[in-house]
Amino acid sequence: MTLGNAHYDEKLASVYDQMYPIEFDTNLAVEFLAGLTPPQGRILELGVGTGRIALPLAERGYEVHGIDGSEAMLAKLKERDAKGAVTTRLGDFTETGTGESYDLVTLLLNTFFVAVTKEQQLGCLRLAREQLAPGGRFVLEAFDPAPYHGLQKPDFSMRYLNEGAIMLDTLAVDRSRQLMIGTHTIVDGGPPETKQHVLRYAFPFEIDLLAELAGLRLVERYESWTRQPYTAASLRHVSVYESADRTETAQEEA
């Protein structure tokens, strides 16, 4: 996974799993994604990270591939994947595809927003569509930016990583460009290290429009992996798309 135009380095990769703990329910996500994939189907995770989702899917017998722009994150995945169950490659998934096709392509945990212009986001969605096999699905998970869009001043927070480390976070928003500028400072007894990242957030209806331009069509949207209905009060969304070509073919056959 990338952070804006910067990659997760070794320091951030080492605490990544602590940054995103239980509330991002891995088991429910795996169940949801498995329900969209045929037995022994092929899955591609864009921004595969440390394999939080990819490894459990591979253990279920799926052929799982992942692409990520961070060598440190892929190294962590390799440490956890002793059997080499997940095929990975180093690369920028917003610019380069694999040249292969998959039954399921995923882009999870706000990773879509690392593309920091709408042109990059559109290109990312086009690449996702190009890598879908006939009848395949593309799943995008992200936060709804409405609570952040109105942020008037920088927001400060602290998160617990482990017994010996905390992370200090600062978040600022540029509403004119829909950018979120965040800094992470890790305090763990050594010299504090600060990393900055930039995300370009997009509202769900905006993502749908970009998806349509990319040749994708929204099939269903939920507020979580439990398939709770998405409403105006939802803080996150799990959106499922298919190739628009499939819809047009079905209409022609009908």
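Everything in this summary refers to the structure shown in the same document. On a predicted model such as this, the values are computed, not experimentally measured, just so you know. (Residues numbered from 1 in each chain as written. Predicted model: local features only at pLDDT ≥ 70, side-chain atom pairs only at ≥ 80, totals over all residues. Heavy atoms only, no water.)

1. Regarding the overall build of the chain
The condition that has to hold: Each helix is a run of H or I in the DSSP string that is no shorter than four residues. Each strand is a run of E no shorter than two, and both are numbered from the N terminus. In this scheme, a residue with accessible area under 20% of its type's maximum is buried, one over 50% is exposed, and one in between is partly exposed, where area comes from a 1.4 Å probe on protein chains only. We call two residues in contact when some of their heavy atoms are within 4.5 Å. For every accessible area listed, the method is Shrake-Rupley and the probe measures 1.4 Å; residues are considered covered only by the protein chains on display.
When helices and strands are counted, the chain shows eight helices and 13 strands. Residues counted as buried form 50% of the 254 residues belonging to the chain. Here the analysis covers contacts within the chain between residues at least 6 apart in sequence; of these, 60% occur between residues at least 24 apart. Accessible surface, the chain as shown: approximately 12400 Å² in total, 51% of it carbon and sulfur.

2. Examining the nonpolar core
For soluble globular proteins, nonpolar side chains are generally found buried alongside one another. What counts is decided by this rule: Nonpolar core, defined: a set of buried Ala, Val, Leu, Ile, Met, Phe, Trp, Tyr and Cys residues in which side-chain atoms within 4.5 Å join the residues together.
Counting residues in hydrophobic clusters, the biggest one holds 32 residues, and the most contacted among them are Phe-113, Leu-125, Phe-138 and Leu-140. Secondary structure elements with two or more residues in this core: strand E3 (42–46), strand E6 (102–107), helix H5 (118–130), strand E7 (132–143), strand E9 (165–174) and helix H7 (204–213). When residues of this core are assigned to their parent elements, the largest contribution, five residues, is made by E7. Phe-32, Leu-33, Val-64 and Leu-104 belong to the second largest nonpolar core, which has 26 residues in total.

3. Things to note about the pattern of salt bridges
Between side chains of opposite charge, a pair can form when the charged atoms approach closely. Heads up, the rule is: In what follows, salt bridge is the name for a side-chain nitrogen of Lys or Arg lying within 4 Å of a carboxyl oxygen of Asp or Glu.
Applying the stated rule across the entire model yields 14 salt bridges. Between Arg-42 and Glu-100 there is a salt bridge; the shortest N-O distance is 2.6 Å. Here the residue Arg-42 occupies a position in strand E3, and Glu-100 occupies one in the loop between strand E5 (86–90) and E6, the gap between them amounting to 58 residues. Sharing partners across several salt bridges, the network here consists of Arg-42, Glu-63, Arg-89 and Glu-100.

4. Considerations on the pairing of E5
What counts is decided by this rule: Two strands pair if DSSP finds at least two bridges between them. Orient the strands so they point away from the viewer; a crossover is then right-handed if the path from the first strand over the helix to the second runs clockwise.
Here strand E4 (residues 63–68) pairs with E5 via five bridges, running parallel. Among the inter-strand pairings, Ile-67 is bridged to a residue of E5, identified as Arg-89. Viewed along the sheet, the connection from E4 through helix H4 (residues 71–80) into E5 turns out right-handed.

5. Quick word on the sheet that holds E6
As a reminder of what qualifies: Note on geometry: axes are C-alpha line fits, over the in-contact stretch for helices, and angles between N-to-C directions span 0 to 180 degrees.
What the seven strands build is an open sheet, ordered E5-E4-E3-E6-E7-E13-E12; its pairing is mixed. Only two strands of the sheet have a single partner each, and these edge strands are E5 and strand E12 (216–222). Shown here is a sheet whose adjacent strand axes are inclined to one another by a mean of 20°, direction ignored. Note: E7 against strand E13 (residues 236–243), six bridges, orientation antiparallel. Note that in E13 the partner of Phe-138 across the bridge is Tyr-241. The strands touched by H4 within the sheet are E4 and E5, with E5 carrying the most contacts at an inclination of about 165°.

6. Structural notes on H5
To be explicit about the condition: The span you would expect from a helix comes to 1.5 Å times its residue count less one.
The first and last C-alpha atoms of H5 sit 18 Å apart over 13 residues, in line with the 18 Å expected at 1.5 Å per residue. By the burial criterion, the buried members of H5 are Gln-121, Leu-122, Cys-124, Leu-125, Leu-127 and Ala-128. Looking at the buried residues of H5, the elements they touch are E3, E6, E7, strand E11 (193–200), H7 and E12.

7. Some remarks on a nonpolar patch on the surface
Rule in force here: Like charges within 9 Å and nonpolar side chains (Val, Leu, Ile, Met, Phe, Trp, Tyr) within 5 Å are joined into patches, using only residues over 30% in relative accessible area that form no salt bridge.
On the surface, Met-158, Leu-168 and Val-187 cluster together into a nonpolar patch covering about 260 Å² of accessible area. Summarising the element assignment, Val-187 is placed in strand E10 (residues 179–187).

8. Description of H7
What counts is decided by this rule: It is the directions from the helix axis to the C-beta atoms whose arc is reported.
Looking only at H7, the buried set comprises Pro-204, Glu-206, Ile-207, Leu-210 and Ala-211. Take H7 and look down its axis: the buried residues cluster within an arc of 155°, on one side only. Seen from the buried face of H7, the exposed residues on the opposite side, beyond 90 degrees, are Phe-205, Glu-212 and Leu-213. Looking at the buried positions of H7, the neighbouring elements they touch are H5, E7, E11, E12 and E13. Positioned one or two residues after H7, Gly-215 has a phi angle of 90°, which is positive.

9. Comments concerning the packing of H5 against H7
Helix-helix packing is described using two parameters, namely the angle between the two axes and the distance between the axes. Keep this limit in mind: The labels follow the angle: roughly parallel below 35 degrees, roughly antiparallel above 145, roughly perpendicular from 65 to 115, and oblique for the rest. Left-handed is the label given to a crossing in which the near helix is rotated counterclockwise from the far helix by less than a right angle, and right-handed is the label when the rotation is clockwise. When residues are grouped by polarity, Ala, Val, Leu, Ile, Met, Phe, Trp, Tyr, Cys and Pro land in nonpolar, Asp, Glu, Lys and Arg in charged, and all others, Gly among them, in polar.
The N-to-C vectors of H5 and H7 enclose an angle of 55°; their axes lie 9 Å apart at closest approach. Comparing the axis directions of H5 and H7 gives the class oblique. The handedness of the crossing between H5 and H7 is right-handed. Judged by residue contacts, Lys-118, Gln-121, Leu-122, Leu-125 and Arg-126 of H5 engage Ile-207, Leu-210, Ala-211 and Leu-213 from H7. Looking at the contact of H5 with H7 residue by residue, the class counts come to six nonpolar, one polar and two charged.

10. Section: the environment of Ala-128
Residue position: Ala-128 is located in helix H5. When the C-alpha atoms of Ala-128 and Val-139 are compared, they prove to be 9.7 Å apart, with 11 residues separating the residues in sequence. Dropping the residues within four chain positions of it, Ala-128 is found in contact with Leu-46, Val-105 and Phe-138.

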